[in-house]
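Now for the letters of each chain:
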Amino acid sequence: MSGFAAIGECMIELSGANGDQWRMGFAGDTLNTTWYVRALTDTDFAVDYVTAFGDDPFSVKQRRFLRDNAINTAHSPTIVGARPGIYAITLTGSERSFTYWRNDAAARHLADDPDALAKSLDGRQVIYFSGITMGILSPKSRQNVLNAVSNARRQGSLVVFDANYRPRLWENADTARQVLSNAFHVTDIALPTFPDENALFGDATPADTATRIAGYGVREIVVKDGTEPALVIAGGTTTEVPTVRANAVDTTGAGDSFNGGYIASRLAGLDPLVAAINAHKVAARVVEFHGALAPMDEAKKAFNA
Ligand SMILES: Nc1ncnc2c1ncn2[C@@H]1O[C@H](COP(=O)(O)OP(=O)(O)OP(=O)(O)O)[C@@H](O)[C@H]1O
Ligand SMILES: O=C(O)C(=O)C[C@H](O)[C@H](O)CO
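Parameters at a glance
Residues numbered from 1 in each chain as written. Chains lettered and ligands numbered in written order. Predicted model: local features only at pLDDT ≥ 70, side-chain atom pairs only at ≥ 80, totals over all residues. Heavy atoms only, no water. Pairing = 2+ DSSP bridges. Helix = DSSP H or I, 4+ residues; strand = E, 2+ residues; numbered from the N terminus. Near = heavy atom within 4 Å. Polar contact = N/O pair within 3.5 Å; in protein donor to acceptor, adjacent residues only side chain to side chain. Areas by Shrake-Rupley, 256 points an atom, 1.4 Å probe, with all protein chains shown as cover. 1 Å grid on protein atoms, 1.4 Å probe; cavity = no way out; pocket = protein on both sides within 12 Å on 5 of 7 lines; lining within 4 Å. Sits in = over half its atoms within 2 Å of the grid points. Core = buried A, V, L, I, M, F, W, Y, C linked by side-chain atoms within 4.5 Å. Buried < 20%, exposed > 50% of the residue type's maximum accessible area, 1.4 Å probe, protein only. Axes fitted to C-alpha atoms, helices over the stretch in contact; angles between N-to-C directions. Points joined across faces, edges and corners; volume = space filled by probe spheres on them. Nonpolar A, V, L, I, M, F, W, Y, C, P; charged D, E, K, R; others polar. Contact = heavy atoms within 4.5 Å. Phe/Tyr/Trp six-rings, centres within 6.5 Å; stacked < 30°, edge-to-face > 60°. Lys NZ or Arg CZ within 6 Å of the ring centre and 35° of its normal. UniProt positions renumbered as here; feature names shortened; annotations may be inferred.

1. Concerning the sheet that holds strand S11 (residues 228–234)
Strand order in the open sheet formed by 8 strands is S4-S1-S7-S8-S9-S10-S11-S12, and the pairing between neighbours is mixed. Lying at the two open borders of the sheet, with one neighbouring strand each, are strand S4 (47–50) and strand S12 (237–241). Summarising the sheet, strand S8 (residues 158–162) and strand S9 (residues 189–190) pair through 2 bridges and their orientation is parallel. Bridged to Phe-161 within S9 is Ala-190.

Encoded structure:
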């Protein structure tokens, strides 16, 4: 087993608005985590982003962007006539909210071909996916993802999942609860965010979130909560790990970069508490930049500080 593969949607991102002038980049929760795993692992460690691309000029740029940053795309298909989704970031102070145009995005077809998906995940040390990955898909494709992930897990892959609840993606809250619970059932490491879990499952505290997720059989859980400490549940013990101070300008991708820092640390053999400390350091630096993707060298400096 070697390498990392994440499954999800790479969108066009509009960030850093200055009046009507925007900066265009590429982002999406699972891609953001992939970016930070790439930044924080050795160059000979294979990192893949598993998605579906369109065939328009922006999709071509996405593939080039990933390639230029040493992120491979496994067996991700190209869908003729399709194009990427877009989102724009609105800031209230440093707190982000998103406007999306993504209903017909190419990535919605990422699991249409179960064989290609299985090949993309084959032999990976770590597989990462999210509730956004599941939310954009048809019921049949959601099942294809769950099958592919659980088969890979049976072969020895470690599965990491963040529910990242985005209400607009779901037909209704009951479906979201059902699909996300199914995903937690095939997860080894859960990296949820408390406000998302509170919104969907009504958990009163981060400890309640951890208890519920442990009930799905997940043995390693980190519950993030903005500037509040993260709750780390591993090896039968529960520990609060405080965050790192930052001059935050845009919190987009905070949780995703935390996940990248956490996964890279665990891949390096560090224990969960040290992994959470490193993850906070990375996320605290990422919120000091506009958009989800901070420069890789800045993430690396924070990780090693
Ligand atoms: N203002 C901040 N200052 C320092 N660190 C922060 C700040 N906001 C977030 N973080 C860091 O990011 C982590 C995740 O934050 P949060 O729970 O807000 O993520 P999130 O809502 O999942 O983010 P996203 O979904 O945009 O990736 C925190 O555990 C912390 O390490
Ligand atoms: O909200 C989404 O679907 C995105 O993927 C956009 C952002 O990059 C992501 O939410 C940040 O976690």
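On we go from here.
2. Considering the site of ligand 1
Near ligand 1 there are 22 residues, and of these Arg-96, Thr-193, Gly-226, Gly-255 and His-280 occur at the shortest range. Measuring from an oxygen atom of ligand 1, one finds a side-chain N or O atom of Arg-96 at 3.0 Å. One of the side-chain nitrogen or oxygen atoms of Thr-193 is found 2.7 Å away from an oxygen atom of ligand 1. Contact with the protein chains hides 91% of the accessible area of ligand 1, taken as 640 Å² for the molecule alone. Of all the cavities here, the one that holds ligand 1 is the largest pocket.

3. A closer look at the nonpolar core
Across soluble globular proteins, nonpolar side chains show a tendency to be buried alongside one another. The biggest cluster of nonpolar side chains holds 48 residues, and the ones touching the most others in it are Phe-4, Tyr-36, Tyr-87, Phe-258, Tyr-262 and Ile-263. Among the nonpolar cores identified, the runner-up in size contains 44 residues, and Ala-5, Met-134, Ala-148 and Ala-163 belong to it.

4. Section: the environment of Leu-169
Examined against the element boundaries, Leu-169 turns out to sit in the loop between S8 and helix H6 (173–184). Along the backbone, Leu-169 and Met-134 are 35 residues apart, and their C-alpha atoms lie at a distance of 9.0 Å.

5. What to know about the sheet that holds strand S5 (residues 86–92)
Spatial ordering of the open sheet is given by S3-S2-S5-S6, a layout of 4 strands whose pairing is mixed. Each edge of the open sheet is held by one strand with a lone partner, namely strand S3 (21–27) and strand S6 (95–101). Averaged over neighbouring strand pairs, the angle between their axes works out to 30° when direction is ignored. As judged from the 6 bridges shared by strand S2 (residues 11–18) and S3, these two strands associate in the antiparallel manner.

6. Observations concerning empty space enclosed by the protein
Tallied over the full model, the rule gives 1 cavity of 30 Å³ or more. Looking at the largest cavity, its volume works out to about 30 Å³. Considering the residues around the largest cavity, the lining is formed by Glu-9, Cys-10, Thr-51, Ala-52, Gln-62, Pro-84, Gly-85, Ala-106 and Ala-107. Along the lines of polarity and charge, the residues of the lining of the largest cavity split into 5 nonpolar, 3 polar and 1 charged.

7. Quick notes on the layout of surface pockets
In this structure, the largest pocket spans a volume of roughly 950 Å³. At the level of secondary structure, the elements contributing two or more residues to the lining of the largest pocket comprise helix H1 (29–40), S6, helix H7 (194–201), strand S10 (220–225), helix H9 (254–267) and helix H10 (272–286). Of the residues assigned to the lining of the largest pocket, the class counts are 16 nonpolar, 13 polar and 13 charged.

8. So, the site of ligand 2
With respect to spatial proximity, the complete set of residues near ligand 2 consists of Met-11, Gly-28, Asp-29, Asn-32, Tyr-87, Phe-98, Tyr-100, Arg-102, Ile-132, Arg-166, Gly-253 and Asp-256. Within the backbone of Asp-29, a nitrogen or oxygen atom sits 2.8 Å from an oxygen atom of ligand 2. About the coverage of ligand 2: the protein hides 98% of its 310 Å² of free accessible area. With respect to the pocket detection grid, ligand 2 is positioned in the largest pocket. Looking at the shell around ligand 2, the elements that each hand over two or more residues are H1 and S6.

9. Here we look at the side chain of Thr-252
With respect to the helices, strands and loops of the structure, Thr-252 is situated in the loop between S12 and H9. Discounting residues that sit within four places of it in the chain, Thr-252 has contacts with Glu-13, Tyr-87, Ile-89, Arg-96, Phe-98, Val-286, Gly-291 and Ala-292.

10. Digging into the environment of Arg-166
With respect to the helices, strands and loops of the structure, Arg-166 is situated in the loop between S8 and H6. Taking the relative accessible area as the measure of exposure, Arg-166 reaches 13% and is therefore buried. Separated by 31 residues in sequence, Arg-166 and Gly-135 have C-alpha atoms that sit 8.0 Å apart.

11. Examining the packing of aromatic side chains
Using the criterion set out here, one finds 10 aromatic pairs in the structure. Taking 5.6 Å as the distance between ring centres and 5° as the angle between the ring planes, the aromatic pair formed by Trp-35 and Phe-65 counts as stacked. One end of the pair, Trp-35, is in helix H1; the other, Phe-65, is in helix H2 (residues 57–68), with 30 residues separating them in the sequence. Note on Trp-35: relative accessible area 8%, which makes it buried. Of the aromatic side chains, those joined through ring pairs into one cluster are Phe-129, Phe-161, Phe-184 and Tyr-216. Lying across the ring of Phe-201, Arg-212 places its NZ or CZ 3.7 Å from the centre.

12. Quick look at the UniProt feature "domain: Carbohydrate kinase PfkB" (unreviewed entry) in the chain
In this structure's numbering, the residues bearing the UniProt feature "domain: Carbohydrate kinase PfkB" (unreviewed entry) are residues 5–297. With 39% helix and 23% strand, the stretch residues 5–297 has end C-alpha atoms that lie 21 Å from each other.

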